[in-house]
Amino acid sequence: MKVFVSSTVFDLIDVRAEVADLLRFCDIAPVLSDDKLSDFAIKPDNNSIETCLVNVDACDEMIVILDKRYGPRLGAYGYEDVSATHLEYHRFLQTKRQIHFFVRDRLEGDFGIWKKRSEERRVG
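What comes next concerns the included structure. Computed from a predicted structure; not experimentally measured. (Residues numbered from 1 in each chain as written. Predicted model: local features only at pLDDT ≥ 70, side-chain atom pairs only at ≥ 80, totals over all residues. Heavy atoms only, no water.)

A word on the nonpolar core. With eleven residues, the main nonpolar core is built from Val3, Val5, Leu12, Val15, Val19, Ala20, Leu23, Ile28, Leu32, Ile63 and Ile65. Within the residue set of this core, elements represented by two or more residues are strand S1 (2-6), helix H1 (13-25) and strand S3 (61-66). Not counting residues up to four positions away in its chain, the partners in contact with valine 15 are Ile65, Phe102 and Arg104. Core analysis: the next-biggest nonpolar cluster, separate from the first, contains ten residues, Val31, Phe40, Cys52 and Met62 among them. (Core = buried A, V, L, I, M, F, W, Y, C linked by side-chain atoms within 4.5 Å. Buried < 20%, exposed > 50% of the residue type's maximum accessible area, 1.4 Å probe, protein only. Helix = DSSP H or I, 4+ residues; strand = E, 2+ residues; numbered from the N terminus. Contact = heavy atoms within 4.5 Å.)

The following block contains the structure:
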């Protein structure tokens, strides 16, 4: 089984490495663009986004890791005006295969505060 790991990269390099190690421990092939040991296939005739989407298509499941960064929007490059992670998620969602989410505690806590303040503004 191959699992694509989708997230922003540089800010989550520690979590991505831990997830890759855990998948390998479970005899699952991780697919990450930043891991030379993974099954990430480089397509020299494709741009980096198309290369990621080809890898998304080749996987059985996906793990999406969410934290505070969304990543740059891709609208100026001819794609949906969403981040690369969001685009990968949309692509995988079309396949109706299993998607798992990992949300960092800090993000969930910040979202809870934002939601509470939004509700207070509507009421008050």
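The next thing to look at is the sheet that holds S1. Read across the sheet, four strands follow the order S2-S1-S3-S4 without closing on themselves; strand pairing throughout is parallel. With partners counted over all chains shown, the strands left at the sheet margins are strand S2 (29-31) and strand S4 (99-103), one partner each. Ignoring strand direction, the axes of neighbouring strands in this sheet form an average angle of 25°. Pairing of S1 with S3 involves four bridges; the strand directions are parallel. Pairing of valine 3 across the sheet is with glutamate 61, part of S3. (Pairing = 2+ DSSP bridges. Axes fitted to C-alpha atoms, helices over the stretch in contact; angles between N-to-C directions.)

So, about the packing of helix H2 (residues 48-57) against helix H3 (residues 84-93). H3 packs onto H2 with a crossing angle of 35° between their chain directions and a minimal axis gap of 10 Å. Considering how the two elements wind past one another, H2 and H3 form a crossing that is right-handed. Of the residues in H3, those touching H2 at Ile49, Cys52, Leu53, Val56 and Asp57 are Ala84, Leu87, Glu88, Arg91 and Phe92. Its residues placed into classes, the contact of H2 with H3 shows seven nonpolar, no polar and three charged. (Left-handed = near helix turned anticlockwise from the far one by under 90°. Nonpolar A, V, L, I, M, F, W, Y, C, P; charged D, E, K, R; others polar.)

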